Amino acid sequence: DLHPTKRTGPLPVKRSAAMFIRALDKPALPDNQPCQIACNVPESLTHPLIVLLPDDDHPTGLRILVVDDNPAGFKWGSHRFINTTPKPLLIRLENRVVNIPSGWKPVDVSLEGGTRGIPVLIALEEDSDKPLYSAVWEHNTDVRTLCFLVPGTDARESPVAFKSIPEDRLVLEFEAKAVREQE
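Residues numbered from 1 in each chain as written. Predicted model: local features only at pLDDT ≥ 70, side-chain atom pairs only at ≥ 80, totals over all residues. Heavy atoms only, no water.

Peer 1: In this structure, what is going on with the side chain of Asp 69? I would like to understand it.
Peer 2: Looking at the secondary structure, you find Asp 69 in the loop between strand E4 (62-68) and strand E5 (78-83). Excluding its chain neighbours within four sequence positions, the residues that come into contact with Asp 69 are Arg 7, His 47, Pro 48, Leu 49, Phe 74, Arg 80, Arg 144 and Glu 167. (Helix = DSSP H or I, 4+ residues; strand = E, 2+ residues; numbered from the N terminus. Contact = heavy atoms within 4.5 Å.)

Peer 1: Is there a simple way to explain the environment of Pro 119 in this structure?
Peer 2: As for its position among the elements, Pro 119 is in strand E9 (residues 116-124). Through-space distance from the C-alpha of Pro 119 to that of Ala 135 is 6.0 Å; in sequence the pair is 16 residues apart. The residues contacting Pro 119, other than those within four sequence positions of it, are Arg 92, Leu 93, Glu 94, Ala 135 and Val 136.

Peer 1: Quick question: what am I supposed to make of the sheet that holds E9 here?
Peer 2: Strands belonging to one sheet form pairs held by backbone hydrogen bonds; the direction of such a pair is parallel or antiparallel. Strand order in this open sheet of four strands is E7-E6-E9-E10, and the pairing throughout is antiparallel. Looking along the sheet, the strands with just one partner apiece sit at the ends: strand E7 (96-100) and strand E10 (127-139). Shown here is a sheet whose adjacent strand axes are inclined to one another by a mean of 20 degrees, direction ignored. Two elements, strand E6 (residues 89-93) and E7, share five bridges in a ladder whose sense is antiparallel. Bridging across to E7, Leu 89 finds its partner in Ile 100. (Pairing = 2+ DSSP bridges. Axes fitted to C-alpha atoms, helices over the stretch in contact; angles between N-to-C directions.)

Peer 1: What am I meant to see in unusual backbone geometry here?
Peer 2: Trans is the common state for peptide bonds, and a negative phi is the common state for residues other than glycine. One non-glycine residue, Asn 32, lies in positive phi territory at about 65 degrees. Mapping Asn 32 onto the fold places it in the loop between strand E1 (20-22) and strand E2 (36-38). Not every positive phi belongs to a glycine, and Glu 94 is a case in point at roughly 60 degrees. Structurally, Glu 94 is set in the loop between E6 and E7. A residue is classified by how much of its surface remains accessible, and Glu 94, at 23% relative accessible area, is partly exposed. (Buried < 20%, exposed > 50% of the residue type's maximum accessible area, 1.4 Å probe, protein only.)

As structure tokens, this is what we get:
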């Protein structure tokens, strides 16, 4: 049930034991151990989101990023940006400018007001007068979006691209109601 642009449902796990992501499509390692990668989730996280990323240097072909996905800290109507590019970026959402450092450090940006279109600009911190990206995004108070800023793959478009994972509160409430009705 994995998908590159959406969250899977919560998985029940026992936090008392070590957790691993096992690559069932890969052969066992030379010492006959399964091809797997440790998934270290800090005990302080009550809502971990485990993001699987490609990594050609690991036998599983994966790298793991654990992000705190607790709605108490990652509010509805906000964006959580994670810069995977090698340089610090500036992002302007409407009239708010925020520094997004390189190094996979999450930065949350919340806007006030209702659902509407908002102008978005992205520039290198070192060259803030030259936009790398501009668009109009929909700001929705019932959606929170995990947004990875990644190196662009087409130099004609932009040196920065996005991998966004939105989550809609109304959809979650509808799905939870459907589950309760089936019980």
